[in-house]
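# Remarks on the overall topology
Listed below, chain by chain, are the residues.
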Amino acid sequence: MAETYVKNGYTAKPIVQTDNFTVHEMIHDTWEKADQAVLRQLGDLMSEVASRRERGVPVIGSVLPFFDRNPTSNNQSRPSTFKLPDRRTFTGPKNQAWFSDLANPDVPLSKLNKIIPHGPKGADLLDMLESNRVPTQRAVWYVRVAGAAEIQNLVRARTSFNPSQHSVELAITVTSYLRKHLDLLVLPRAQAVGGTAIRSTFRSILGEPESRDKWIHKFSYTLGLLREFYDESLVDHGTVLFWLALQVGLSNIIQLGFIVKVVQEYHEALLQHRGFLRPFIVGLMEKLIEITHIPQADRAVVAQLGRTLGSLLQQTFVAFPDAFIYPRLWKDKTNHFVLYNLLVKGPQEIVQVPYDNPQARPIYDQMRKLFESVDKRNRALLFHNLPARNSFAMRVAMEDIQLLNSIGPETDLHSITYFDNSSPTTDQSSPSTPTMASPPSSIPPPSSFETKLNILLTWSVAKSQYGDHRPYAAATLVALWRDEAKLRAIRRKAPKPDAALQEHLFNWLNSSDIAKDHKSNAIGIALLFGELMRRNLFSYGWLIRRLMARGEIGANGAKKSHLTAILATLPVPTPEFAAERRVALYGVAEAAKSKDVLDKGIRKQIKAALPVIFGGMDILQNRVL
């Protein structure tokens, strides 16, 4: 033994260098470089394996080959022994004897699988299974085998037959059978017949021990069959769930106690179908309101039923609050009151968990927030909180637009009284200025200056209006108002209107939808604000400094803001603003570039746009040719 092993112990050498080492990539690259046929052959091999596996799945009533797993058989295919049993018509005693054997667990199903009786169908079949006390699993086996044989015969007889229809018919059969038993549970009437009270002659099926045991056994047995049929997909799930959603509203108080237990079992599946939730919710609300109308002395009997219904409603609301967007249900004050009590005011009374419980409190808060959201959406659909309609403001706006549309290229704008009825921008608290609070009774209240200015600017740019004179007319009207406002400010020793006017014009640029539509209105905005700048109504330098202060400065790779895009279309009033404009549009890095490079690019664009001016007609003719 080596000295190293004695000192350090024996350690076997690893087969590979690391535990996660794999040669998959190495082999794949080698095959891919060497020959693509190897990878194609492997793909064909896996495709063949999948296709043979699919062909090996046996079909009901057919004889298909399968591969023997015994290695000594050399994988020779041989016919399968599986096939549907024959169906024969038995006489009464033989039929009863066969079902007795089916109910006997000691009789193997392989013995019964040879021949099965035609037997009864529908409700008669369920009665036969229940009367013979056939175990649920063996009853499911018989229904499956008999149904497969029935489907096989129908497919052969009718080529248009859909096999899935059989599961729908079986679901209808089972649910109708359950409804038939529930209809036996009736409530006594309050009227009297022939002087004898109905209460004295009423006999409930649950009042007698023998009839009660018989009814409960039959109902429980049918529910067991339905549960197995549902799990095995022998019945159509949608048909069963829709039937359950309807039963809550169609059942009386006695029937409801049994239906609710069934609904609790399938409630999670019911929540997956939004279309079924509306009748389910309406039924829950109807029964909860019905319970509240029960006299207080008798309400203790149905107290647990009411808590169960409330719990189902709470779970449905938390899982799917959109299902409660139902204005017809929400407009009823009683429904709204019941929902408010269950979801907001006292949800802890249903689940019997105090509000201060650390695990339950988040759920209660969630229900409250969801209720507020659903309540807001339902009220909106019911038009409960309509915004105040300002018909006067709309009428004034229409009159202003009509006045502006009357302006033509030859109109004397000094005769247009557009801003005379609006409140001045300066000194709005002056006693001589009419206000919204105390207008004369015969004179409509004045429109605000900002509103009329926004209408004027929008009219001058909008594509829906006509006339190239509009930007110039709008700038002239604003200039006339500015001159009058200056004189008024001097007389009253008030601030001049220039700063406020500048702010109003900027706000319109920043917030107007017309100004944000650069693709359609860029030229109109450039004409309008170019004229405003020419008349010293709007400061180009102030706009650039405002954009820089807001951080809306262009940079390489940065997305331009709305106002930066407008700045790119506005004309530059004087050359000293060129450097500031480059910084605002392209950032400091681009602005630091050589002015000659930028000027060269500008000249190139101008020459491409106006070839006649810079190159003469020869260049244009050559380009056309």
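Preceding block: the structure.
Residues numbered from 1 in each chain as written. Predicted model: local features only at pLDDT ≥ 70, side-chain atom pairs only at ≥ 80, totals over all residues. Heavy atoms only, no water.

A contiguous nonpolar surface patch, about 710 Å² in accessible area, is contributed by V23, M26, I27, W31, L42, L45, M46 and V49. Every element with two or more residues in the nonpolar patch is listed here: α2 (24–34) and α3 (36–55). Sort the elements by how many residues they give to the nonpolar patch and α3 lands first, with 4 residues. Positionally, M26 belongs in helix α2. (Patch = residues over 30% accessible without salt bridge, like charges linked within 9 Å, V, L, I, M, F, W, Y side chains within 5 Å. Areas by Shrake-Rupley, 256 points an atom, 1.4 Å probe, with all protein chains shown as cover. Salt bridge = Lys/Arg side-chain N within 4 Å of Asp/Glu carboxyl O. Helix = DSSP H or I, 4+ residues; strand = E, 2+ residues; numbered from the N terminus.)

Let us now look at the nonpolar core. Within the largest apolar cluster, 83 residues are counted, with the highest numbers of intra-cluster contacts made by L102, L129, Y142, F229, F280 and L313. The element contributing the most residues to this core is helix α13 (residues 274–292), with 9 residues. Setting aside its immediate chain neighbours within four residues, Y142 contacts W98, F99, L102, I116, P117, H118, G119 and L125. Counting 45 residues, the second-largest nonpolar core is a separate cluster that includes Y418, L456, I544 and L567. (Core = buried A, V, L, I, M, F, W, Y, C linked by side-chain atoms within 4.5 Å. Buried < 20%, exposed > 50% of the residue type's maximum accessible area, 1.4 Å probe, protein only. Contact = heavy atoms within 4.5 Å.)

Residues R274, R278, R328 and K331 make up a contiguous surface patch of positive charge. Secondary-structure assignment places K331 in the loop between α15 (327–330) and α16 (333–345). The exposure class of K331 is exposed, given its relative accessible area of 56%. (Lys, Arg positive; Asp, Glu negative; His and termini not counted. Charge placed at Lys NZ, Arg CZ, Asp CG, Glu CD.)

So, about the pattern of salt bridges. Taken as a whole, this structure holds 16 salt bridges when the rule is applied. With a shortest N-O distance of 3.5 Å, E150 and K121 are connected by a salt bridge. Placement of E150 in helix α7 (residues 136–157) and of K121 in the loop between β4 (115–117) and α6 (123–131) is noted, with a sequence separation of 29 residues between them. Between D400 and K452 there is a salt bridge, with the nearest N and O atoms lying 3.0 Å from each other. Of the two residues, D400 is situated in helix α19 (residues 391–405) and K452 in helix α20 (residues 449–461); the sequence distance between them amounts to 52 residues. Looking at D400, the relative accessible area reads 8%, which means it is buried.

Attention now moves to the packing of aromatic side chains. As enumerated under the stated definition, the model contains 19 aromatic pairs in all. Measuring from centroid to centroid gives 6.2 Å for W508 and F529, while their planes differ by 20°, and the two rings are stacked. Here W508, found in helix α22 (residues 498–511), pairs with F529, found in helix α24 (residues 518–534); they are 21 residues apart in sequence, far enough to count as distant. The residues W508 and F529 share a single accessibility class, namely buried. Through a chain of ring-to-ring contacts, the aromatic side chains of F506, W508, F529, F538 and W542 assemble into a single cluster. For R278, the ring lying beneath its charged end belongs to Y326, and the centroid distance is 4.0 Å. For K452, the ring lying beneath its charged end belongs to Y418, and the centroid distance is 4.7 Å. (Phe/Tyr/Trp six-rings, centres within 6.5 Å; stacked < 30°, edge-to-face > 60°. Lys NZ or Arg CZ within 6 Å of the ring centre and 35° of its normal.)

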